[in-house]
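Here are the chains, one letter per residue:
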Amino acid sequence: MLDIAFAAPSLPPKGALVLPLHEGAALSGLAQAADQATDGAIARALAAAEFKGAKGKTCTILAPGAGFSRVLAVGLGKPADRTTRRLEDAGGAVAAALAREPEIHVAADALTPAEAASLAHGATLRAYRFDKYRTKEKPEDKPRLARLTLLIAEAPAAEAAYAPLRRLAEGVFVTRDLVSEPPNILNPAEFAERCRGLAALGLEVEVMGPAEMHTLGFGALLGVAQGSVNEARMVVMRWNGGAAGAKPVAFIGKGVTFDTGGISIKPAGGMEDMKWDMAGAGTVTGLMAALAGRAAKVNAVGLIGLVENMPSGNAQRPGDVVTSYSGQTIEVINTDAEGRLVLADVLWYCQKNFDPVFMVDLATLTGAIIIALGHEHAGMFANNDELAGRLDAAGRAVGEKLWRMPLAEAYDDQIKSAIADMKNVGGRPGGSITAAQFLQRFVNGKPWAHLDIAGMAWSSKDAACTPKGATAFGVRLLDRLVADHYETGAGQ
Ligand code: BES
Ligand code: MN
Ligand code: ZN
């Protein structure tokens, strides 16, 4: 993780210097000092490049003098619309543009402490890299950026503002690490072991194996798992940072460590993507790490259902009827609609055992949500308008956008079964909605939202604060939801 430091504003003797600039604003004191030290080379270069500070724009000046290897001007846009996201994105742009500079100083003397912290957070998030399996990469080809120092008069205040963001980034990286791992390494048992490792943060971690789940009657989850030699697990992670006895908020994640489709097998093309079919569980795990890491004043519980969906001589068949933990029976028409089967038992277990304030589940549940919303919004389904509104606002604030989709009884016809209480697929029309209608049967009326993150968990291109690959979509959003509404002393 990028090493972030805050120091009093004085010109660094060498290395890379970053000048965050608002559109139309004068150079900050430090930027002016740097310009003088380079005999006006910086101002001349910015004028020649017609750099005015427009948001998202950067201008690199190579070796302008005074010992600087590079000066990078980064645009913050109009001073009127200063937002946290602007500063984070600028930080991300800095990390991307200066990845080969070992040490960067940022002239943050015109920023508030909170803005400096946001810039550092964005740079940290963008500097993430999953390279543990690259054994042949030459050192000179690796990114060198190790340290970012923000030069600001109120350094202690900026440092205090940054502390919880650092913990949040650590949670994001827990998720990105889990989601990036190949499926031969990260099977359900290994995933559960990594959750156990998070006990060091103060989380209570409980792991259940197939025998216990069988005793409880998790017929839906175990039906999915039975085709794989890698046994199922359910992990319960608890963070008790709130008032003793206060109801917890609950997060539930789909953790299919690999989804072949089972007997209803998927086509070969792109099947490797199904290693990240555990992203919902990965997000819940990283979120719990973040809440514990920053000692959030909330009681929270995270539950993840971990299975591998494989075809084999012992795999479940299309036509099988399974009895879920809730007692409701399900005809399995398509073994590739496995996520809802896993979530059915974990949701029921959650509402029954924890009486939560709300339940939010995250799942790479349907290809149909990608058809509907592409890669810009996750689908949100909710039985509670207040929760939906809060989720929507949190998503906008952190730039992890949700789009609310409908739930309605009219869709229930599509999941009627001739032999059981329901079937696990509702056909192509409204495929994400019928999946959500299915899940709703296992929430027992509790305030609940389902986030279908199939289009958001993995990205094929770099974004400002998210390198391509595992995005950890949802960690920042849900951390924000908790901070804004559910911590002792928060809104309500
Ligand atoms: N894990 C998939 C959904 C998915 C697809 C996630 C593409 C990410 C990218 C899920 O288990 C699945 O296979 N869903 C089926 C449901 C269908 C059989 C009703 C789908 O979407 O095709
Ligand atoms: Mn599937
Ligand atoms: Zn799946």
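Definitions and limits used
- Residues numbered from 1 in each chain as written.
- Chains lettered and ligands numbered in written order.
- Predicted model: local features only at pLDDT ≥ 70, side-chain atom pairs only at ≥ 80, totals over all residues.
- Heavy atoms only, no water.
- Helix = DSSP H or I, 4+ residues; strand = E, 2+ residues; numbered from the N terminus.
- Rg over C-alpha atoms; globule rule 2.2 N^0.38 Å.
- Contact = heavy atoms within 4.5 Å.
- Areas by Shrake-Rupley, 256 points an atom, 1.4 Å probe, with all protein chains shown as cover.
- Lys, Arg positive; Asp, Glu negative; His and termini not counted.
- Charge placed at Lys NZ, Arg CZ, Asp CG, Glu CD.
- Donors = N, O, S within 2.8 Å, 3.2 Å for Na, K, Ca; no water.
- Buried < 20%, exposed > 50% of the residue type's maximum accessible area, 1.4 Å probe, protein only.
- Tetrahedral: all angles 85-135°; square planar, octahedral: opposite > 155°, others 65-115°.
- Domains from an automatic or database assignment.
- Buried area = accessible area lost by both parts, 1.4 Å probe.
- Core = buried A, V, L, I, M, F, W, Y, C linked by side-chain atoms within 4.5 Å.
- Near = heavy atom within 4 Å.
- Polar contact = N/O pair within 3.5 Å; in protein donor to acceptor, adjacent residues only side chain to side chain.
- Salt bridge = Lys/Arg side-chain N within 4 Å of Asp/Glu carboxyl O.
- Phe/Tyr/Trp six-rings, centres within 6.5 Å; stacked < 30°, edge-to-face > 60°.
- Pairing = 2+ DSSP bridges.
- Expected span 1.5 Å × (residues − 1).
- Axes fitted to C-alpha atoms, helices over the stretch in contact; angles between N-to-C directions.
- Parallel < 35°, antiparallel > 145°, perpendicular 65-115°, else oblique.
- Left-handed = near helix turned anticlockwise from the far one by under 90°.
- Nonpolar A, V, L, I, M, F, W, Y, C, P; charged D, E, K, R; others polar.

## Structural notes on the overall build of the chain
- Per the secondary structure count, the chain includes 14 helices and 19 strands.
- Its C-alpha atoms give the chain a radius of gyration of 24 Å, within 12% of the compact-globule value 23 Å for 492 residues.
- With respect to the three principal axes, the spread of C-alpha positions in the chain is 85 × 50 × 40 Å.
- When contacts within the chain are restricted to residue pairs at least 6 apart in sequence, long-range pairs at least 24 apart make up 78% of them.
- Within the structure as shown, the chain displays about 19,400 Å² of accessible surface, and the carbon and sulfur contribution to it stands at 52%.
- When the 49 basic and 53 acidic side-chain charges of the chain are each reduced to a single mean position, those positions are 3 Å apart.

## Details of the coordination of the zinc ion (ligand 3)
- At 2.0 to 2.4 Å from the zinc ion (ligand 3) lie its protein donor atoms, namely K254 (NZ), D259 (OD), D277 (OD) and E338 (OE).
- Here the donor residues for the zinc ion (ligand 3) map to a single chain with the spacing K-x4-D-x17-D-x60-E.
- Between the zinc ion (ligand 3) and the manganese ion (ligand 2) the interatomic distance amounts to 3.2 Å, and D259 serves as a bridging ligand to the pair.
- In this structure K254 comes out as buried when scored by relative accessible area, which is 1%.
- D259 gets classed as buried once you look at its relative accessible area, which sits at 2%.

## With respect to the coordination of the manganese ion (ligand 2)
- Coordination of the manganese ion (ligand 2) by the protein comes from D259 (OD), D336 (O), D336 (OD) and E338 (OE), over a distance range of 2.0 to 2.2 Å.
- Around the manganese ion (ligand 2), the 6 donor atoms are arranged such that angles at the metal cover 70 to 167°; this shape is classified as irregular.
- Mapped onto the sequence, the residues coordinating the manganese ion (ligand 2) show the spacing D-x76-D-x1-E.
- A relative accessible area of 22% means that D336 is categorised as partly exposed.

## Focus on the domain arrangement of the chain
- Segmenting the chain into domains produces domain 1 (3-155) and domain 2 (167-485).
- Here the C-alpha centre of domain 2 lies 38 Å away from the C-alpha centre of domain 1.
- At the junction of the two partners, domain 1 supplies 14 residues and domain 2 supplies 22 residues.
- Between domain 1 and domain 2, a total of about 1,400 Å² is buried, with carbon and sulfur atoms accounting for 60% of that surface.
- Broken down residue by residue, the surface that domain 1 buries against domain 2 is led by L125, R126 and Y128, which jointly contribute 45%.

## Section: the nonpolar core
- Judged by nonpolar contacts, the single largest core of 53 residues is most densely connected at F191, F251, I304, V360, L391 and L478.
- Of all hydrophobic cores here, the second largest spans 42 residues; its members include L221, L303, V332 and L341.

## Thoughts on the site of ligand 1
- Taken together, 17 residues sit near ligand 1, with K266, D277, D336, E338 and G367 positioned nearest.
- With respect to ligand 1, the side chain of D259 contributes an N or O atom lying 2.9 Å from an oxygen atom.
- Measuring from an oxygen atom of ligand 1, one finds a side-chain N or O atom of K266 at 2.8 Å.
- Taken by itself ligand 1 offers 510 Å² of open surface, and the protein chains cover 77% of this.

## Looking at the pattern of salt bridges
- Within the structure shown, the criterion is met by 34 salt bridges.
- Put simply, K78 and E23 hold a salt bridge, and the shortest N to O gap is 4.0 Å. Here K78 is found in the loop between β4 (68-77) and α3 (84-97), whereas its partner E23 is found in the loop between β2 (15-22) and α1 (29-37), with 55 residues between them in sequence.
- Since its relative accessible area comes to 49%, K78 is described here as partly exposed.
- Several salt bridges converge on common partners, so that one network encompasses R129, D131, R134, E137 and K142.

## Concerning unusual backbone geometry
- Positioned with a positive phi, E50 is a non-glycine residue whose angle comes to about 55°.
- Here E50 lies in the loop between α2 (41-48) and β3 (58-65).
- The class for E50 is exposed, based on a relative accessible area of 62%.
- Phi at A66 is positive, roughly 55°, even though this residue is not glycine.
- You can see A66 is positioned in the loop between β3 and β4.
- The class of A66 is partly exposed, set by a relative accessible area of 38%.

## Some details on the packing of aromatic side chains
- Using the criterion set out here, one finds 11 aromatic pairs in the structure.
- Three or more aromatic residues link up through ring pairs in this structure, and these residues are F218, Y325, Y349 and F354.

## Describing the sheet that holds strand β12 (residues 329-331)
- Strand order in the open sheet formed by 3 strands is β11-β12-β16, and the pairing between neighbours is mixed. Sheet topology places β11 (321-323) and β16 (422-423) at the edges, where each strand pairs with a single neighbour.
- Sheet analysis places β11 next to β12, joined by 3 bridges and oriented antiparallel. Counted as the bridge partner of T323 is T329 from β12.

## Observations concerning α3
- Under the 1.5 Å per step criterion, the end-to-end length of α3 is 20 Å for 14 residues, consistent within 8% with the ideal 20 Å.
- All of the buried residues along α3 are R86, L87, E88, A90, G91, G92, V94 and A95.

## Quick look at the packing of helix α4 (residues 113-126) against helix α5 (residues 155-180)
- At a closest axis distance of 8 Å, the pairing of α4 and α5 adopts a crossing angle of 25°. The orientation of α4 relative to α5 falls into the category roughly parallel. Note that α4 runs across α5; the crossing there is right-handed. Mapping the contact onto sequence places P113, A114, A116, A117, S118, A120, H121, T124 and L125 in α4 and A157, A158, A161, Y162, L165, L168, A169, V172, F173 and R176 in α5.
- A per-class count over the contact of α4 with α5 returns 15 nonpolar, 3 polar and 1 charged.

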